[in-house]
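Residue-level listing of the chains:
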Amino acid sequence: MGVMIRFDRVAKRYPPGIDALRDISFEIAEGELLVLAGHSGAGKSTVLKLIAAMERPSAGAVLVNGKNVGALKPKAVPFLRRNLGLVFQDQKLLFDRSAFDNVMLPLSIAGFPARDASQRVRAALDKVGLLGRANSLPIALSGGEQQRLAIARAVVNRPNILLVDEPTAHLDPDTAADVVRIFHEFHRVGVTTVITTCDRTSFPGARSVVLDHGRMVA
Amino acid sequence: MIWLLQHRQALALALLRLKASPLNSLLSILAMGVALALPAGGQLLVDNGVRLARSSAPAPQISLYLRMDADSAQVAGVRERLAANRDIASSQFLSRDETLQRFKGSEGLRDVIDVLPQNPFPHAFVVTPRDDSPASMDLLAVELRALPAVDHVQLDSDWVRRLDALLRFLKSAVAVLALMLGTGLVAITFNITRTQVLMQRDEIVVSELLGATASYVRRPFLYFGTLLGLLGGVLAWCVVLAASVWLGQPLQEVALLYGLSAQLTTLSAAESIGLVALAAALGWLGTALSLGQHLSRS
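Overview of the structure.

**Considerations on the overall build of chain A**
And step 1. Across its full length, chain A holds six helices and 10 strands.
And step 2. Computed over C-alpha atoms, the radius of gyration of chain A comes to 17 Å, within 12% of the 17 Å expected from 2.2 N^0.38 for 218 residues, which places it in the range of a compact globule.
And step 3. The dimensions of chain A, computed from C-alpha atoms along their principal axes, are 45 × 40 × 40 Å.
And step 4. The 218 residues of chain A split such that 54% are buried.
And step 5. Sequence separation of at least 24 residues holds for 69% of the intrachain contacts in chain A that already meet a minimum separation of 6.
And step 6. Of the accessible surface of chain A, which amounts to about 9800 Å², a share of 50% is contributed by carbon and sulfur atoms.
And step 7. For chain A, the separation between the mean place of its 28 positive charges and that of its 21 negative charges on side chains is 7 Å.

Right, dumping it as structure tokens:
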């Protein structure tokens, strides 16, 4: 299996001189599930932001599928992101749109024809167990359902890479276990998955990279 | 195909946003409609005024007075040259004797003329030019002065000059009004777009994170602004049309009192399309300027 993501001596410094990452190097193989573990402020989210070109490294190179995303022109960034599935810590759902429309958004952006897109949305909602709540507004969903909705939106595009930021942070143990199961299912079908968490025991069997104050410690 | 699909989606989203705040949308369209109706109505009034003035006044003419010693051969020569000139619509010859008889027919002048030892009037031509603009008449007069046997050329175009000057002034005033109100319209759409960007900030951020290009994000706003302008233009057209219908009858009554025939014409098809297209373009411009200013900050 080839390398899907590679960090090569990456550093990220935010003004006025705060080091979020220092000299980080690691690789993630195609289809691998990697857990980025560490305490709050360790730099886990920054790693995801660098992969999604939401931030650019201050030093080193971040290669995604062989491309240096730090050197991408702004116009090329959207096309990189269309191949990524992003699940944010705060989910970033649109609360004035139904669950269906939230999941439809990435497909609209990619220009999918309405009929194909509709089928894909239903399939994604079904996968996370929310097909029956397709017309509900996110505000009417529980925390766990909102998390599953965010996952459906991330995978509806059938991305090569899934980036997930603290998916179980605010969930009760049963709901968290349910969400973890969903990620394992996506991993099993070959999606390269990077998950940040404070508790790496949530993902037993997965390789982990541990960060501490921006440094790789394990 | 994807391009077309995304434009359709953007248009649908823009319509949804219009529908989502009907009162705001209606007030914006009203403001734009009134702002555009004023210069459009002003232009219409100026055009109608000019038409009425021209139709009620005699056509401007040029009088050619030949030398006193001009013989019939020279008169025939001038007549031929005038007939061949494409800038002249018509010409009328007035012989010395004819002019003398006309003056003798005027009360008060007969006695004066009777005591003169000889006919003081030269042969003359009265020329009606095809183009009665002052500049064209001046050019034609210069040309006619060069004709053999012509002694003096007199332009009967003072009123045309006055009308032309007044027309230029009124057109300039309408242009200034249009510029000011057009700027106002751009400012209205600029501000509406700013509010829309603030309201849709979450959606913009999420869309960009999910791979939306700048064009994808901007497109619904541009459609929204263009639609507002377009609807404002349609409203302005309706206002101008209604005003011309409403004012038509009273104007006709006033004109009749002055022995004139006047019918208020409204905007032509080309002018109507131009008005609506200009309004849409101004709506687009205001939105584009606002997006350039506010989208990067969202």
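Let us keep going from here.
**Considering the side chain of Thr 213 of chain B**
And step 1. Within the secondary structure layout, Thr 213 of chain B lies in the loop between α8 (201-209) and α9 (214-257).
And step 2. For Thr 213 of chain B, a relative accessible area of 18% corresponds to the buried category.
And step 3. If near-sequence neighbours (up to four positions away) are discounted, Thr 213 of chain B is found in contact with Pro 78, Phe 79 and Arg 82 of chain A.

**Points about helix α1 (residues 44-51) of chain A**
Residue and element names in this part refer to chain A.
And step 1. Among the eight residues in α1, six count as buried, and that is most of the element.
And step 2. Taken together, the buried positions of α1 are Lys 44, Thr 46, Val 47, Leu 48, Leu 50 and Ile 51.
And step 3. Two residues or fewer past α1, Ala 53 is found with a positive phi of approximately 60 degrees.

**Quick word on the packing of helix α3 (residues 99-110) of chain A against helix α4 (residues 114-127) of chain A**
Relative placement of two packed helices is described by the angle separating their axes and the distance separating the axes.
Residue and element names in this part refer to chain A.
And step 1. Across the interface, α3 lies against α4 with an axial gap of 9 Å and an inter-helix angle of 125 degrees. With respect to α4, the element α3 is oriented oblique. Once α3 is placed against α4, the crossing between them reads as right-handed. For the pair formed by α3 and α4, the contact residues are Phe 100, Val 103, Met 104 and Leu 107 on the first element and Ala 117, Ser 118, Arg 120, Val 121, Arg 122, Ala 124 and Leu 125 on the second.

Procedures and definitions
Residues numbered from 1 in each chain as written. Chains lettered and ligands numbered in written order. Predicted model: local features only at pLDDT ≥ 70, side-chain atom pairs only at ≥ 80, totals over all residues. Heavy atoms only, no water. Helix = DSSP H or I, 4+ residues; strand = E, 2+ residues; numbered from the N terminus. Rg over C-alpha atoms; globule rule 2.2 N^0.38 Å. Buried < 20%, exposed > 50% of the residue type's maximum accessible area, 1.4 Å probe, protein only. Contact = heavy atoms within 4.5 Å. Areas by Shrake-Rupley, 256 points an atom, 1.4 Å probe, with all protein chains shown as cover. Lys, Arg positive; Asp, Glu negative; His and termini not counted. Charge placed at Lys NZ, Arg CZ, Asp CG, Glu CD. Axes fitted to C-alpha atoms, helices over the stretch in contact; angles between N-to-C directions. Parallel < 35°, antiparallel > 145°, perpendicular 65-115°, else oblique. Left-handed = near helix turned anticlockwise from the far one by under 90°.

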